[in-house]
Amino acid sequence: MGAEKASKCAGILRTVPGFYNIQIEGKENTLSIYSPYQKALENHPEVRKNLTQMPLEKYAVLVRQIADFSESAVISLSLFGEALCHPQFEKFVSETLKYPGLSVFIETDGQLVTKDIAQRISEAVSNSPERNNGYPPVMWVVCIDSVSKEKYKEIHFNDGFENAVKSVSVLEEYFPNDVYPQFVRMNENEDELENFYRFWSDKENPSKGKLIIQKYNSYAGFLSEKSPCDLSPVERNPDWHLRRDMVILCDGSVMQYKETLFSEFIGNVFAQTLEEIWHRGDKLMEGQINGEYDEVSGNYDEYYTFNF
């Protein structure tokens, strides 16, 4: 009975963010057929001019507020952009690691990964306090999505396959067991899924058996549907991203969902408190508990996926 009541209480289902999806760099290093970013910006040219780079000094204030508000959380620095393009990328990582309840998540194409960068980030980890949130200090995901150069080029429009694969080995040397080659599952690469899994799940290979198979996201129909199968649960549950995530652009603007794609903002972290912005989603959670869904969550299948 108590568990049933808890499942109907918005304040219990939605406490504080556990995952902050933050854009520190407005530039993508490589394109991909599953990224909506450039296409979405074409529809919002007034937004494009603001999405350059997040200043480190503003991030330092923000991450302190995150540590105070959430206490424990994972901070992604890779929303809609290649974090390693930011000239102060390493300082963003170091600033985050000052707080033992926070960990860093980096999703990269691997093209800018070098031994020197990996070593410096590793030194930042060594110079930071031990984590108390149950996660490693820094986690890396390398977007590969194929087992062949030809398929990689079809998906990413460049010849970076070998660099992406090599970056896994470079990172694994300094971040053992915290590096994940990723495969976004689509119609275009479904024929390589099994071989990708077989190669990267082998503990003798560069990632030592770690990998991620990611579902394709059409961004509520903004991109054409490419999913080879429907993984949705039989019964709808309240959206995990609404319950756990805060999506922050490099100018401080906050979207309720990343699938909003710049069409609506609920606040700005450089002008309002995190708590004030976060609670603007409470009514949406109450609605979902009662089977009522807003335009975005009612038209996408990301609700059952979970970050941290």
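For clarity, every value in this text was computed on a predicted model and none was experimentally measured.

Asks: Tell me about the pattern of salt bridges, and name the residues and values.
Replies: A complete count under the given rule lists 15 salt bridges for this structure. A salt bridge links Arg14 to Asp282, with the nearest nitrogen and oxygen atoms 2.8 Å apart. With Arg14 in the loop between α2 (10-13) and β1 (19-22) and Asp282 in helix α13 (residues 282-289), this residue pair connects regions lying 268 residues apart in the sequence. Notably, a salt bridge pairs Lys226 with Glu188, separated by 3.0 Å at the nearest N-O pair. With Lys226 in the loop between β6 (212-215) and α11 (240-244) and Glu188 in the loop between β5 (179-185) and α10 (193-200), this pair connects stretches of sequence that are 38 residues apart.

Asks: Explain the nonpolar core to me, and be specific about the residues and the numbers.
Replies: Within the largest apolar cluster, 77 residues are counted, with the highest numbers of intra-cluster contacts made by Tyr20, Ile22, Leu77, Phe89, Trp140 and Phe262. In this structure, Leu13, Leu242, Tyr303 and Tyr304 belong to the second largest nonpolar core, which totals 10 residues.

Asks: Residue-level account of the packing of aromatic side chains, with values.
Replies: The relation between two aromatic rings is expressed through the spacing of the ring centres and the mutual angle of the planes. Inspection of every chain in the model, using the stated rule, returns 13 aromatic pairs. Plain terms: the ring middles of Tyr257 and Tyr300 are 5.9 Å apart, the flat faces sit at 75° to each other, and that makes the pair edge-to-face. Of the two residues, Tyr257 sits in the loop between β8 (253-255) and β9 (267-268) while Tyr300 sits in the segment after α13, which places them 43 residues apart along the sequence. Tyr257 sits in the buried class, given a relative accessible area of 3%.

Asks: Tell me what's going on with the side chain of Ser128, and back it up with residues and numbers.
Replies: Mapped onto the fold, Ser128 is located in the loop between α7 (115-126) and β4 (138-143). On the accessibility criterion, Ser128 (16% relative accessible area) is buried. Of note is the side chain of Ser128, whose polar atom sits 2.7 Å from the backbone oxygen of Val125.

Asks: Help me get a handle on the pairing of β6, residues and values and all.
Replies: Pairing between β5 and β6: four bridges, direction parallel. Of the residues in β6, the one forming a bridge with Arg185 is Lys215.

Asks: Describe the packing of α7 against helix α9 (residues 161-174), naming the residues involved and giving the relevant values.
Replies: Two elements in contact, α7 and α9, have axes separated by 9 Å at closest approach and are oriented at 25°. By the angle class used here, α7 and α9 are roughly parallel. When you trace α7 past α9, the crossing you get is right-handed. Here α7 contributes Lys115, Ala118, Gln119 and Ser122 to the contact with α9, which in turn contributes Val170, Leu171, Glu173 and Tyr174. Within the contact of α7 with α9, the residues separate by chemical class into four nonpolar, two polar and two charged.

Asks: Describe in detail the side chain of Lys151, supporting the description with residues and values.
Replies: Along the chain, Lys151 turns up in helix α8 (residues 149-156). When sequence neighbours within four positions are dropped, the list of residues in contact with Lys151 reads Ser146, Glu188, Asn189, Asp191 and Glu192.

Asks: Tell me about the environment of Ala10, and name the residues and values.
Replies: With respect to the helices and strands, Ala10 occurs in helix α2. Note on Ala10: relative accessible area 15%, which makes it buried. Taking C-alpha positions, Ala10 is 7.5 Å from Ile289, a pair spaced 279 residues apart along the chain. Not counting residues up to four positions away in its chain, the partners in contact with Ala10 are Asp282, Met285, Glu286 and Ile289.

Asks: Tell me about the sheet that holds strand β2 (residues 73-76), and please be specific about residues and values.
Replies: Pairing in this open sheet of nine strands is mixed, and the strands run β6-β5-β4-β3-β2-β1-β7-β8-β9 from one edge to the other. The open sheet has two free edges, formed respectively by β6 and β9, since each of these has just one partner strand. Summarising the sheet, strand β7 (residues 245-248) and β8 pair through two bridges and their orientation is antiparallel. Bridge pairing in β8 links Val247 to Met255. Set on the sheet, helix α5 (residues 56-70) makes contact with β1, β2, β3 (102-108) and β7; between it and β1 the angle comes to about 165°.

Asks: How would you explain the packing of helix α6 (residues 89-97) against α7 if you had to name every residue and give the values?
Replies: At a closest axis distance of 9 Å, the pairing of α6 and α7 adopts a crossing angle of 20°. One way to sum up the angle between α6 and α7 is to call them roughly parallel. Crossing hand, α6 versus α7: right-handed. Listed contacts from α7 to Phe89, Glu90, Val93, Ser94 and Leu97 of α6 are Ile117, Arg120, Ile121, Ala124 and Val125. Looking at the contact of α6 with α7 residue by residue, the classes come out as seven nonpolar, one polar and two charged.

Rules of the game
- Positions within a chain are numbered from 1, following the residues in the order the chain's sequence is written.
- The model is predicted, so local features are restricted to residues of pLDDT at least 70 and side-chain atom pairs to those at 80 or more, both for listing and for counting; the totals for chains, interfaces and linings are taken over all residues.
- With hydrogens and water excluded, all non-hydrogen atoms of the structure serve as input to the side-chain values.
- Any Lys or Arg side-chain nitrogen found within 4 Å of a carboxyl oxygen on Asp or Glu counts as a salt bridge.
- The way it works is that DSSP assigns letters per residue, a run of H or I at least four long becomes a helix, a run of E at least two long becomes a strand, and they are numbered from the N terminus.
- Think of a nonpolar core as a cluster: buried Ala, Val, Leu, Ile, Met, Phe, Trp, Tyr and Cys residues, connected wherever their side-chain atoms sit within 4.5 Å.
- Throughout this description, buried means an accessible area under 20% of the type-specific maximum (1.4 Å probe, protein chains only), exposed means over 50%, and partly exposed covers the range between.
- Only Phe, Tyr and Trp rings take part, Trp by its six-membered ring, and two of them pair if their centres are within 6.5 Å. Stacked means planes under 30 degrees apart, edge-to-face means over 60, and tilted covers everything else.
- N or O atoms within 3.5 Å of each other form a polar contact, as long as, within protein, one can give a hydrogen and the other can take it, and as long as residues adjacent in sequence are counted only when both atoms are side-chain atoms.
- Between any two strands, at least two bridges found by DSSP are needed for them to pair.
- Under this scheme, a helix contributes an axis fitted over its contacting stretch, all axes are lines through C-alpha atoms, and angles between N-to-C directions fall in the 0 to 180 degree range.
- Our angle categories are set so that under 35 degrees counts as roughly parallel, over 145 as roughly antiparallel, 65 to 115 as roughly perpendicular, and the remainder as oblique.
- For a crossing to be left-handed, the near helix must be turned anticlockwise from the far one by less than a right angle; the clockwise case is right-handed.
- Residues count as neighbours in contact if any of their non-hydrogen atoms are within 4.5 Å of one another.
- Each residue gets one of three labels, nonpolar for Ala, Val, Leu, Ile, Met, Phe, Trp, Tyr, Cys and Pro, charged for Asp, Glu, Lys and Arg, and polar for the others, Gly among them.

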